[in-house]
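# Understanding the architecture of this molecule
In case you want the letters, here they are:
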Amino acid sequence: MRNIVIIFLIVFTPAFLTSIKAPGNKSAEYVLVITIDGLRPDAILKADAPNLKALIKKGSYTPTAKTVDPPKTLPSHTSLVTGLVPKKHLTIINEWIEGMGYTEFETIFTIAKRDVFRTEMFVGKDKLNFIAVPGSIDKLEVIEYSPTSVEEISESFISYMKEKMPKVTLIHFPEPDIPGHKEGWMSEEYLNSINRVDIELGKIVDSLKQASIYEKTLLVITSDHGGKGDTHKGDHPYVTTIPWLAVGKKVNQDYVIQEEVNIYDTAPTVLKALGIKQPQNIDGHVIEEIFVH
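These lines cover the structure that appears in this document, whether it is placed above or below.

About the thresholds
Residues numbered from 1 in each chain as written. Predicted model: local features only at pLDDT ≥ 70, side-chain atom pairs only at ≥ 80, totals over all residues. Heavy atoms only, no water. Helix = DSSP H or I, 4+ residues; strand = E, 2+ residues; numbered from the N terminus. Rg over C-alpha atoms; globule rule 2.2 N^0.38 Å. Buried < 20%, exposed > 50% of the residue type's maximum accessible area, 1.4 Å probe, protein only. Areas by Shrake-Rupley, 256 points an atom, 1.4 Å probe, with all protein chains shown as cover. Axes fitted to C-alpha atoms, helices over the stretch in contact; angles between N-to-C directions. Parallel < 35°, antiparallel > 145°, perpendicular 65-115°, else oblique. Contact = heavy atoms within 4.5 Å. Nonpolar A, V, L, I, M, F, W, Y, C, P; charged D, E, K, R; others polar.

### Things to note about the overall build of the protein
Helix and strand content of the protein: 10 helices and 9 strands. Relative to a compact globule of 293 residues, whose C-alpha radius of gyration would be 19 Å, the protein shows 17 Å and is just as compact. Dimensions along the principal axes, computed over C-alpha positions, put the protein at roughly 50 × 45 × 40 Å. Scored against the burial criterion, the 293 residues of the protein give a buried share of 59%. Carbon and sulfur atoms form 53% of the exposed surface of the protein, whose accessible area is close to 12,600 Å².

Below, the structure is given as structure tokens:
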């Protein structure tokens, strides 16, 4: 039996109705960011992950992107959606308790809502409530971890996408992080859990094609951290190095990204794809080389 928390958060304010579209051409109508919790780049090669490997061939990829310090789920996801390093967004804890509030900084969702874009999050850990600032998410669905939660997350997204066609979406898969803590990173169960996520990636891509929006979507797939042994503490490369992949009609195919990529570069890059102005004073930069010019 799955346990699902669903929150609908919509507010209408003058700021909400203010357009912040940047001049120039956008490269995507939709953005879908998928985080695969605890995924090490070298594990992609060892796992049976045909869908992910095929997407790497179709897009721009680096196996040497970096997460933040501390390399934990909540600080890294906060950096992903704000474009800020933890020293600026001040989120170093890795838990969220109801009543503690939300990030006070702009996110890709708060910014997108000003252009009246529909937004959503489907996540496998309730701590990610922290980045779902009230008024910025049209639908937040937290699916508590279970042996079937990875499949439930993708099914929930596919069902909602067919009905509402959201412009900006974050999907978070809690595997392979949880098997990594239980059995160890690079263990058989860890690699098997990557296979399970890969199956759902295939379903998601197929659903975008069936909805005729695959060619209009910028798809970003990354991770929040890696791991070593049964943990992801410290600054070891196995912990701090993550994969980062972008796929889209106006993204270079079968391309290895040459510049340094950090997880907080995700926010400005997806905003650029949507033709939205970049926030000032953020740490991330647009990964310009991935785009076809």
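### Thoughts on the pairing of strand β5 (residues 139-143)
Consecutive side chains along a regular strand alternate between the two faces of the sheet. Burial analysis of β5 places 5 of its 5 residues in the buried class, which makes it a mostly covered element. Side-chain alternation along β5 places Lys 139, Glu 141 and Ile 143 on one buried face and Leu 140 and Val 142 on a second face that is also buried.

### Side note on the packing of helix α2 (residues 50-58) against helix α8 (residues 188-210)
It is at 7 Å that the axes of α2 and α8 come closest, and there the two elements cross at 55°. In this view, α2 runs oblique relative to α8, as classed from their interaxial angle. Of the residues in α8, those in contact with Pro 50, Asn 51, Leu 52, Leu 55 and Lys 58 of α2 are Asp 198, Ile 199, Leu 201, Gly 202, Val 205 and Lys 209. Of the residues assigned to the contact of α2 with α8, the class counts are 6 nonpolar, 2 polar and 3 charged.

### Let's talk about unusual backbone geometry
Cis peptide bonds are those with omega within 30 degrees of zero, and the linkage from Asp 69 to Pro 70 qualifies with 10°. On the secondary structure map, Pro 70 appears in the loop between β3 (60-66) and α3 (73-82). Cis rather than trans, the peptide bond between Glu 175 and Pro 176 has omega equal to 10°. As for its position among the elements, Pro 176 is in the loop between β6 (168-173) and α7 (177-183). Positive phi values are uncommon outside glycine, yet Val 116 reaches one of about 60°.

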